[in-house]
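# Observations on chain architecture
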Amino acid sequence: IVIPAIWPSIVLIAQISTKRPAGGHGISKEQTELAKQIWAHGAEAVPPMLKLLSSDNEDVREFAGYVVRDLVGLSEKDLETLIAAVKRGNGWVPPAIARIGSPLAVRFLLDEFRAKPEFGTQVTWALALCGEMVLPDLLELVRMPEPPRLGGFDAIEEILTNPRGAGATAVPGLQAIARDEHLPVQNRNRAIHILGSLGPAAAASVPDLKQVAKANPAAFSDDVNQALRKIGTSDALPQLLRWLRAAPNGSALQDIAALGPNGHSAGPAVVPYLGDKNWTVRVFAARALGHIGYQEGAPELIGLLADPNDWRLVYAAAESLGRLKTRNAVPALESLVQNHWFPPVRVAVEKALHSIAGQDVY
């Protein structure tokens, strides 16, 4: 009698899969280890695991779904069994259906999403795995006058911005929605919001976004400005600087820092905040100068290293000097490595010195 190599693992399932994690939900450590053993068998494990999806034991069915989700070797002929498992309530299986990738598989997942458009589920993960195949349907949902039920809008954004999802290929469609004056304002702002969440991948949309905001500032300026900030282009700077002047705070300075080199021209406006009365503003201003690469602010940052009271400011200044690779700062930094009273500052200063010397990176 020839016993398939997978069989010793399969016969353990009825025992191990019933050992639930604390609280009775999710997958236990023992179950995870067993799943790894089964995954190693690939296609050989498919028939017995599919059979276990209809087990009388609920725990076995759930564990089988968890294994099938990432099991290599599934094919179109298994789709009917997988769909039946989802309809019986097995929440682990949708990504397995996505990997089959046939039109029927994709259509089933889209129907499931329309029926229950929730954020952070295996269905949203599965739709992200489908990539461009689901893009037209998702864009049509963004166009709908009535928002999808439950967390539908957040879920659409999750799918489109997932690194495995449609990504930059969604940009032209979202731009078209943002520009469409026949659509309700809320739909256009949804598209603008998703473009922002795509980050630098949506850089091509910036001219359109600026035009949309210019045509109707009251309806779109706030959302467009937030999108520009997330996309990370210098076009976000005017609004960020207005926010900073109106209410100096660490949040506005963090947003400027997040622009990286695209925020360089904000340097002259940021430097005065190194002396702000609010320590949070001082620290984030010092940090921002390093992130935006404002070399011209190095003398002021070197001066901050001598501050005897605010270790946070010294820490931020040292890090920025390291990012700027300011060689003139080396004597002051070397002194701090030996003499500063706070160990985390000494560590930050040492990293800055290594960065300046080309021996470390941030």
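You'll find the structure just up there.
Residues numbered from 1 in each chain as written. Predicted model: local features only at pLDDT ≥ 70, side-chain atom pairs only at ≥ 80, totals over all residues. Heavy atoms only, no water.

### A look at the side chain of Asn225
What counts, and what does not: Labels follow the DSSP assignment, with helices taken as runs of H or I lasting at least four residues and strands as runs of E lasting at least two, numbered in each case from the N terminus. Three exposure classes are used, based on accessible area relative to the maximum for each residue type with a 1.4 Å probe and protein chains only: buried under 20%, partly exposed in between, and exposed over 50%.
Along the chain, the position of Asn225 falls in helix H15 (residues 217-231). Owing to a relative accessible area of 15%, Asn225 belongs among the buried residues under this scheme.

### Observations concerning the pattern of salt bridges
Inclusion rule: By convention in these notes, a salt bridge is any Lys or Arg side-chain nitrogen within 4 Å of a carboxyl oxygen on Asp or Glu.
By the definition in use, this model includes 14 salt bridges. Measuring nitrogen to oxygen at the nearest pair gives 3.3 Å for the salt bridge that ties Arg229 to Asp255. Taken as a pair, Arg229 in helix H15 and Asp255 in helix H17 (residues 250-258) lie far apart in primary sequence, 26 residues in all. Of the residues examined, Arg229 reaches a relative accessible area of 22% and is grouped as partly exposed. Between Arg312 and Asp310 there is a salt bridge, and its shortest N-O distance comes to 3.6 Å. Here Asp310 falls in the buried class, since its relative accessible area comes to 6%. Linked through salt bridges whose partners overlap, the residues forming this network are Arg107, Asp111, Arg114 and Asp137.

### Quick look at the side chain of Glu319
Defined as follows: Only heavy atoms enter the contact rule, under which two residues are in contact if any of them lie within 4.5 Å.
Looking at the element boundaries, Glu319 is found in helix H21 (residues 311-324). The class of Glu319 is buried, set by a relative accessible area of 17%. Leave out the neighbours within four places in its chain, and Glu319 touches His291 and Tyr362.

### Points about the packing of aromatic side chains
The line we're drawing: Working definition: rings of Phe, Tyr and Trp (its six-membered ring) pair if their centres are within 6.5 Å, and the pair is stacked with planes under 30 degrees apart, edge-to-face with planes over 60 apart, and tilted otherwise. Lysine NZ or arginine CZ positioned within 6 Å of the ring centre and within 35 degrees of the ring normal marks a charge as sitting over the ring.
Enumeration according to the criterion identifies four aromatic pairs in this entry. Both rings, one in Tyr66 and one in Trp92, keep their centres 5.1 Å apart while their planes meet at 75°; by these two values the pair is edge-to-face. Here Tyr66 is found in helix H5 (residues 58-69), whereas its partner Trp92 is found in the loop between helix H6 (79-87) and helix H7 (94-100), with 26 residues between them in sequence. Tyr66 sits in the buried class, given a relative accessible area of 9%. The interplanar angle of 35° and the centroid separation of 5.1 Å between the aromatic rings of Trp341 and Phe342 together place this pair among those described as tilted. By relative accessible area, which is 55% here, Trp341 ends up exposed. The exposure class of Phe342 is partly exposed, given its relative accessible area of 22%. Cation over ring: Arg312 sits above Trp279, and NZ or CZ is 4.1 Å from the ring centre.

### Quick look at helix H10 (residues 135-143)
Of the residues making up H10, those classed as buried are Leu135, Asp137, Leu138, Leu139, Leu141 and Val142. The elements touched by buried residues of H10 are helix H8 (103-115), helix H11 (152-161), helix H12 (171-179) and helix H13 (185-197).

### Looking at the layout of surface pockets
Picture a little ball the size of a water molecule; that probe, rolled over the atoms, points out where space is still empty. We apply this condition: A cavity, in this analysis, means grid points on a 1 Å lattice covering only the protein atoms where a 1.4 Å probe fits yet has no way out; a pocket is instead an open set bounded by protein on both sides within 12 Å along at least five of seven lines, and a residue lines either one if it has an atom within 4 Å of a point. Grid points are joined across faces, edges and corners, and a volume is the space filled by probe spheres set on the points.
The space that makes up the largest pocket amounts to roughly 270 Å³. Every element with two or more residues in the lining of the largest pocket is listed here: H8 and helix H9 (122-129). Broken down by element, the residue count for the lining of the largest pocket peaks at three residues, all from H9.

### Here's the deal with empty space enclosed by the protein
Filter applied, for reference: Each residue gets one label: Ala, Val, Leu, Ile, Met, Phe, Trp, Tyr, Cys and Pro are nonpolar, Asp, Glu, Lys and Arg are charged, and the others, such as Gly, are polar.
If you walk through the whole model with that rule in mind, you get one cavity of 30 Å³ or more. Estimates place the volume of the largest cavity at around 40 Å³. Lining the largest cavity, in full, are Ile192, His193, Asp223, Gln226, Ala227 and Lys230. Only H13 and H15 provide two or more residues apiece to the lining of the largest cavity. The element best represented in the lining of the largest cavity is H15, accounting for four residues. When grouped by side-chain class, the residues that make up the lining of the largest cavity number two nonpolar, two polar and two charged.

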